[in-house]
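Next come the chains, spelled out residue by residue.
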Amino acid sequence: MFGVFSGGDVRRTGYGFVEGAVGKSDGGSGAVFWITGGGVGASGGSGSPSNVGIAIAMTVMAGLAVAATLVYSNRGHLQSPWSRRRRKHALQPKQWKTLFDEDGRLCDGGVKLLKKVRSGGVHPSLRAEVWPFLLDVYDLKSSKEERDALKTKNRKEYKKLRAQCQETYKRSDSTNEISDRNNDDISNQSSEVIDTDSQANEETVESNNKEDSKRGEGSEVTSKTDTSSESESSDSDSSQEEADQIQHSPTPQKPNTNTGGEKSSFPYRSESFATWQRIIRLDAIRANDEWITFSPSQASVSVTEAQQLAKSVMLKDYSHLETCRVFHAGRLVAILEAYALYDSEIGYCQGMSDLLSPIISVVEDDSEAFWCFVGFMKKARHNFRLDEVGIRRQLDIVSKIIKGKDSHLYRHLEELQAEDCFFVYRMVVVLFRRELNFEQTLCLWEVMWADQTAIRAGITKSAWGRMRLRAPPTEDLLLYAIAACVLQKRKQIIEKYSSMDEILRECNSMAGHLDVWKLLDDAHDLVVTLHDKL
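Residues numbered from 1 in each chain as written. Predicted model: local features only at pLDDT ≥ 70, side-chain atom pairs only at ≥ 80, totals over all residues. Heavy atoms only, no water.

A. A look at the packing of aromatic side chains. For the coordinates displayed, the defined rule picks out 17 aromatic pairs. Seen from their ring centres, Tyr339 and Tyr342 are 6.1 Å apart, and the 40° between their planes marks the pair as tilted. Of this pair, Tyr339 and Tyr342 are both found in helix α10 (residues 323-342), three residues apart, which corresponds to roughly one turn of the helix. For the pair shown, Tyr339 and Tyr342 are each scored as buried. Arranged with centres 6.0 Å apart and planes meeting at 40°, the rings of Trp445 and Trp449 form a pair that is tilted. Separated by four residues within a single helix, Trp445 and Trp449 lie in helix α16 (residues 438-456), roughly one turn from each other. With relative accessibility at 1%, the residue Trp449 sits in the buried group. Through a chain of ring-to-ring contacts, three or more aromatic side chains come together here, namely Tyr158, Tyr339, Tyr342, Phe370, Trp371 and Phe373. (Phe/Tyr/Trp six-rings, centres within 6.5 Å; stacked < 30°, edge-to-face > 60°. Helix = DSSP H or I, 4+ residues; strand = E, 2+ residues; numbered from the N terminus. Buried < 20%, exposed > 50% of the residue type's maximum accessible area, 1.4 Å probe, protein only.)

Set out below in structure tokens:
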């Protein structure tokens, strides 16, 4: 009877043990073999037949241990319970159908679904069906009839939001026409009075110069104040014009807030809705084309359909884009504008288009994509608050994870005044979207969403079964993955980098060079080790 362990005490069981010469140059642990009965002498004499048999068995096991050690060494230093197995297959269409009963309810409250997604993700053909469950659009215990009713209700609400957006287009056109006419009138009138004005101006300037010479030092302050006043006046006129465009729009309610039917108490930020619209259009035009190969139906959209959509959302300056990218940009504009109305506290910030782009690439219906995005933003919206409280909290957690796992690395970061982990800011804000390719991003997000859904549904450790071998669900899996990403580069950071800027460049250069399943393995290891300590 024998096994392989990293250490032990023969006095506890009465068994003898032999520590094989299995080691690694980086200090990896050796293999220990437990043997019942008999013993093995250090001198290596011939011994009895039983001892010869034991020696043969030991030799075989030593060879297996060497092979296992070499294979495991390729996985890095973070030891995860999940790293001992290959990635399981993604949730397949046949498996998906078996998860529902005759009423269209998930048979076990969604436990099997979440287990499968956590371990292997979702097959591309199923994502549009599965994601609404992971993004809190549908309850895990809902029936098909209930989901159909909710889908109808959600579609009506989305149409109302889009109708409000269309109203802003009309007011914007009207405002521009009035502005153009006023400018023409002013231009015509100014030509008639220019001579009189110039004479009056000369007299005024001369008089002001005399007064300024008397005020002395006060003239500089007055000049600055006048300039500031002109600037403020100009800004206020622009802001007032934009505010007038919004004033007549019903103020949408905040998500996750019980206002008792009252309007949202959050005013629009200093950028008006018109400003958000301009930024949204710029970001939509600049969206990358990674998604094209993963969405054949949208990639083959007709020129007519793409141009009609672009026109309906007032999209311009897109002549340099392929037809499918024009269509994609139009959908981004439509949904992001609707979200800016839906959640007026956040509105729109750059980076939100990065989060929406993969969703609309998978979910072809705009209403369903919008509500999936709303579900996604329930957690991610804190990344876009002006006060950055949510970002700072997450960076602090990443810092604590690194400190708890690797004190040597953390001390080095302290020496570089980088212990606040600001160098992973981008990873936090757009959830690894820039560091992973399209498919890897979806895999990471699906596992992350499965964890959040499990917690939201109150699925406890016992429901997962044998939880001692697996990481428990966590709201912060993304942060553990970010910390794991940094820990994977610990040697370079400690030995080569002497400033936070160098670490920042390293993090930004990781794009396209990360193994998402290795990253998840290491992240789950950190969860197992540190989840209850943070």
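B. Layout of α10. Relative to the 28 Å expected for 20 residues at 1.5 Å per residue, α10 spans 29 Å between its end C-alpha atoms, a close match to the ideal helical length. In terms of burial, α10 is largely enclosed, as 19 of its 20 residues are buried. (Expected span 1.5 Å × (residues − 1).)

C. Representation of the confidence of the model for the protein chain in the model. Taken residue by residue, the protein chain gives an average pLDDT of 75. The fraction at 70 or more is 64%. Note on residues 177-183: pLDDT is under 50 here. Beyond four places in sequence and across chains, it has zero contacts. (pLDDT = per-residue confidence, 0-100. Contact = heavy atoms within 4.5 Å.)

D. Quick peek at the packing of helix α4 (residues 127-134) against helix α11 (residues 352-362). Relative orientation of the contacting elements α4 and α11 amounts to 130°, with a least axis distance of 9 Å. Judged by the angle between their axes, α4 and α11 are oblique. Here α4 contributes Arg127, Ala128 and Trp131 to the contact with α11, which in turn contributes Pro358, Ile359 and Val362. (Axes fitted to C-alpha atoms, helices over the stretch in contact; angles between N-to-C directions. Parallel < 35°, antiparallel > 145°, perpendicular 65-115°, else oblique.)

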